[in-house]
Amino acid sequence: MIVIRVDTLNGLGHFMRCKWLAVELITLGNKVTLIADTEMPFSLRSGLQEILVLPKANTQRCDAKNCLRLIKAQHMAVEKVIVDNYHLNREWEAEMASHVPIVIAVDDIQREHFANLIIDSKWCGDSTQFLYKNKVSKPHAVFLGPKFAMLSPEYSKAPSVKRCKNHIMFSLGGGGDWSQLTIIIELLLKLAPQLKVVVIIGPNAVSTSGLQQLSKRFQQLNLISSATSLSLYYQSCSLFVGALGTSLYELAATKTPALTFSIAQNQENQQEALDDLGHYFHIDDLLTREPERVVKLVLILLENIECLHKLRKSAAIDIDGKGASRVAKYITDERFISNVTEISNSQTAFEHQYIADNITIRKVTDRDINTYLAARNLPNNTWRMTITEKIDPIEHICWWFSNSRESFVIEDEGQPLLYIWHQLYKYENQSYLIGGWFAASDKVNFAHAQLALHWQLKETDKNHPDVTWLAVINKQNKFVNLLNQRAGFTSIKGDDVKIAATQFLFPNATDTEFNFVARGNAHE
């Protein structure tokens, strides 16, 4: 027999993943009892055998002893105990291990453990395999990464509905406070009446009265309470907006474009790891932003929804929805051999050209949206810019889908070294080129920058032979001043035409802080 001690006090995420694991274990012929902190709604109990409620305990050891008393009182011969609870870790597991042959821990915040097996579906890129290094005190195995994300069996099936146009879905998971998001939804309904808006209200949600009032005013708003599964809603919507929890894997399994935010500790993720799952639009503090800015962002994402679909389909890691089944089989067979998720989809081959040994250049694609911003906001780059503040992610995303720059990335064996860009402008009936570059790695040196600038000027000379380059360079930046001087850029002091054009194109640059320079004689 298998007992699952599950946390039901901190949202429904723990319970739901344990439920799907329990359902798969039962399918394989195991008898499974869940021990929870609270009574669970009847609608969530389908497919399960028995759920017992445990008295509140003040310590981990006390909770473990209460579990053992309950097991004894129920005359259960327990072979394995699975624990999924933020309040119970190494101490609880050690107490339980003295009475039960096998203890298994489900975790996603990388704590210390005493268990025989640790299951954590969080993806942290190459560092995933080291998440529990030095955090265990006995021989153990680990199942790590999204291949072990325990979802409803529905997520392993092929899509059964067609994705609708102008259809947006909001969700805060099983609970959440809807007060802030209601303001955003109301503004969206007013500004985009063509949208169909579906709001999924979880059983533990609060501050929902505003949504009820909105639903009476706007026919295009549909409120769904106590949904048994969200799979069909994910499959049919154009865009998901909501909290990032279990939804991360459900969205990846259904390849649903999403804009997410965090409302809990375990919902904080590294953006590079999210990119691997095809999830490029996560802003931790989105709900604290001005509603007008959030709605603007949502509408821009919807305008570019086809690009978002392509990003989802080219994800480096494919979520197949079979995590619960996979874990159940390993537990039943007692195959406790460490297993770590690896990149499953070969990345789309980019067209690139070699400009030196191991050094390539390629056009920037939408998959670079977050690494581009991260590089631009590095402290060693911001001080050199005419805008020295960090670029906000909302402003960056809005700019990304509207800019007309030609941007490229220089890579060393596939790893970004620097980004370089240029753009053609017209001022007073004259054409000008402006451009720039910024490092993406601390490995960038003068030779790399010179290589990139030489390639760029060669390209623009070929494509725009009669156009003058204009540039502003921070006077303290000796590195770039020397680089551009070697490339043929000279001061434009005394040239009122070029100075006027430069001031127009670089309104935040002053001649006290920046050198104004140009390259080319087209307008002389």
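Residues numbered from 1 in each chain as written. Predicted model: local features only at pLDDT ≥ 70, side-chain atom pairs only at ≥ 80, totals over all residues. Heavy atoms only, no water.

Here the focus is the pairing of strand E9 (residues 196-201). For E9, a buried count of five out of six residues is recorded, marking the element as mostly surrounded by other parts of the structure. Both strand E8 (residues 167-171) and E9 contribute to a ladder of five bridges, which runs parallel. Counterpart to Met 169 in the pairing with E9 is Val 198. With helix H4 (residues 179-191) bridging E8 and the parallel E9, this β-α-β connection has right-handed handedness. One ladder, built from five bridges, connects E9 with strand E10 (residues 221-225); its direction is parallel. Across the sheet, the residue bridging to Ile 201 is Ser 225, located in E10. (Buried < 20%, exposed > 50% of the residue type's maximum accessible area, 1.4 Å probe, protein only. Helix = DSSP H or I, 4+ residues; strand = E, 2+ residues; numbered from the N terminus. Pairing = 2+ DSSP bridges. Right-handed = clockwise from strand over helix to strand, strands pointing away.)

Quick look at the packing of H4 against helix H5 (residues 209-217) now. Two elements in contact, H4 and H5, have axes separated by 10 Å at closest approach and are oriented at 10°. Taken together, the axes of H4 and H5 are roughly parallel relative to one another. Where H4 abuts H5, its residues Thr 182, Ile 185, Glu 186, Leu 189 and Lys 190 lie against Gly 210, Leu 211, Leu 214 and Arg 217. In terms of residue class, the contact of H4 with H5 is made up of four nonpolar, two polar and three charged. (Axes fitted to C-alpha atoms, helices over the stretch in contact; angles between N-to-C directions. Parallel < 35°, antiparallel > 145°, perpendicular 65-115°, else oblique. Contact = heavy atoms within 4.5 Å. Nonpolar A, V, L, I, M, F, W, Y, C, P; charged D, E, K, R; others polar.)

Our focus in this paragraph is the pattern of salt bridges. In this structure the tally under the stated criterion is 23 salt bridges. The salt bridge involving Asp 63 is made with Arg 5; its shortest N-O contact spans 2.8 Å. Residue Asp 63 is found in helix H2 (residues 60-73), and its partner Arg 5 is found in strand E1 (residues 2-6); the two are separated by 58 residues along the sequence. For Arg 5, a relative accessible area of 2% gives the class buried. (Salt bridge = Lys/Arg side-chain N within 4 Å of Asp/Glu carboxyl O.)

Burial of strand E6 (residues 117-120) is two-sided: the residues Leu 117 and Ile 119 facing one way and the residues Ile 118 and Asp 120 facing the other way are all buried. Here strand E5 (residues 102-106) runs beside E6; their pairing, made up of three bridges, is parallel. Along E6, the bridge assignment pairs Val 106 with Ile 119. Of the pairings in the sheet, the one linking E6 to strand E7 (residues 141-144) comprises four bridges and is parallel in character. Paired with Leu 117 across the bridge in E7 is Ala 141.

Bringing the environment of Gln 456 into the picture now. Assignment of secondary structure puts Gln 456 in helix H15 (residues 446-463). Distance from Gln 456 to Leu 378, taken between C-alpha atoms, is 23 Å for residues 78 residues apart in sequence. Every residue in contact with Gln 456, bar those within four places of it in the chain, is listed here: Ile 420, Trp 421, His 422 and Trp 469. One polar contact links the side chain of Gln 456 to the main-chain carbonyl oxygen of Trp 421, over a distance of 2.8 Å. (Polar contact = N/O pair within 3.5 Å; in protein donor to acceptor, adjacent residues only side chain to side chain.)

This part covers the nonpolar core. Membership of the largest hydrophobic core comes to 67 residues, with the highest contact counts inside it found for Phe 170, Ile 185, Val 199 and Phe 281. Ranked by residue count, the leading element in this core is helix H9 (residues 291-303), at seven residues. Aside from chain neighbours lying at most four places away, what touches Phe 281 is Ala 258, Leu 259, Thr 260, Gln 271, Leu 301, Leu 308, Leu 311, Ile 369, Ile 397 and Phe 401. Counting 34 residues, the second largest nonpolar core, distinct from the first, contains Phe 15, Ile 51, Val 106 and Val 327. (Core = buried A, V, L, I, M, F, W, Y, C linked by side-chain atoms within 4.5 Å.)

On to the confidence of the model for the chain. Averaged over all residues, the pLDDT of the chain is 92; the fraction at 70 or higher stands at 97%. Within the chain, no element has a lower average pLDDT than helix H13 (residues 379-382), which sits at 86, and none a higher one than strand E4 (residues 80-84), at 98. (pLDDT = per-residue confidence, 0-100.)

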